Amino acid sequence: VSAALLGGCFISSFHPPIEKPRLEGVSRQDSVLQFAFHPEEVAADRNAKESPMAALPLEAALLQQYLEQHSKFSSVVLSPTPPASGTYVVLTKTIEKFSGVKDLSCVFGVVTMFILPCYHDKDVTSLRYDLSIDGRFVKTYRYQIREKALIWWGAIPFFWVRSLLTSYYQSCEAITAQFLLDARTDGFI
């Protein structure tokens, strides 16, 4: 019961907000784009007999989906090694480890069992897209996802507000669309 109540007093929102750039149609070429994801972690079911690359993490799955739908390439393939010729995108995800010591309000919140509120605003995830063409590095695109969160028993009556705020998935989707727009503007995708 206390775990459910504590979950009810946790309200968070991720940024950038949902404002995805509009991706216009582009003429398709008969070419393949290959991409990789680092760290090479996958969310495959351990009991499944499928390859470990069967289920991509959210960020890589969104990249593949958006490249297939909104890029000039006819197909998009996951490849751990760069091709000798063609376009290659490496998505690198880094996560900042949260230290409650950095945020004094969260230290007081934990000590008082969240009778006092804990508010934090921090970088959660950094997504870096490295673009290579014909084995030659071309450009890096970097984006940050920030989380703003409130943990406080007084927030329980407002747990429904979470459904109105931006989720991590929506922020990743907005960043993926922004990467495609930026790379397209530069003439690469």
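Up top is the structure.
About the cut-offs
Residues numbered from 1 in each chain as written. Predicted model: local features only at pLDDT ≥ 70, side-chain atom pairs only at ≥ 80, totals over all residues. Heavy atoms only, no water. Helix = DSSP H or I, 4+ residues; strand = E, 2+ residues; numbered from the N terminus. Buried < 20%, exposed > 50% of the residue type's maximum accessible area, 1.4 Å probe, protein only. Contact = heavy atoms within 4.5 Å. Areas by Shrake-Rupley, 256 points an atom, 1.4 Å probe, with all protein chains shown as cover. Core = buried A, V, L, I, M, F, W, Y, C linked by side-chain atoms within 4.5 Å.

Engineer: Could you clarify how one ought to interpret the overall build of the protein in this entry?
Structural biologist: When helices and strands are counted, the protein shows four helices and six strands. Ordered by position from the N terminus, the helices and strands of the protein form the series α-β-β-α-β-β-α-β-β-α. The proportion of buried residues among the 189 residues of the protein is 38%. Intrachain contacts of the protein at a sequence separation of at least 6 include 79% that bridge at least 24 residues. Accessible area of the protein: about 10,800 Å², with a carbon and sulfur share of 60%.

Engineer: Explain the nonpolar core here, please?
Structural biologist: For soluble globular proteins, nonpolar side chains are generally found buried alongside one another. Within the largest apolar cluster, 31 residues are counted, with the highest numbers of intra-cluster contacts made by Phe35, Leu63, Val89, Tyr129, Tyr141, Phe179 and Ile189. Sorting the residues of this core by element identifies strand S2 (29-38), helix H2 (58-70), strand S3 (73-78), strand S4 (87-95), strand S5 (118-133), strand S6 (136-151) and helix H4 (168-185) as the ones contributing at least two each. Ranked by the residues each element gives to this core, the list is headed by H4, at seven residues. Apart from the residues within four sequence positions on either side, Tyr141 is in contact with Leu127, Arg128, Tyr129, Leu131, Phe179, Asp182, Ala183, Asp186 and Phe188.

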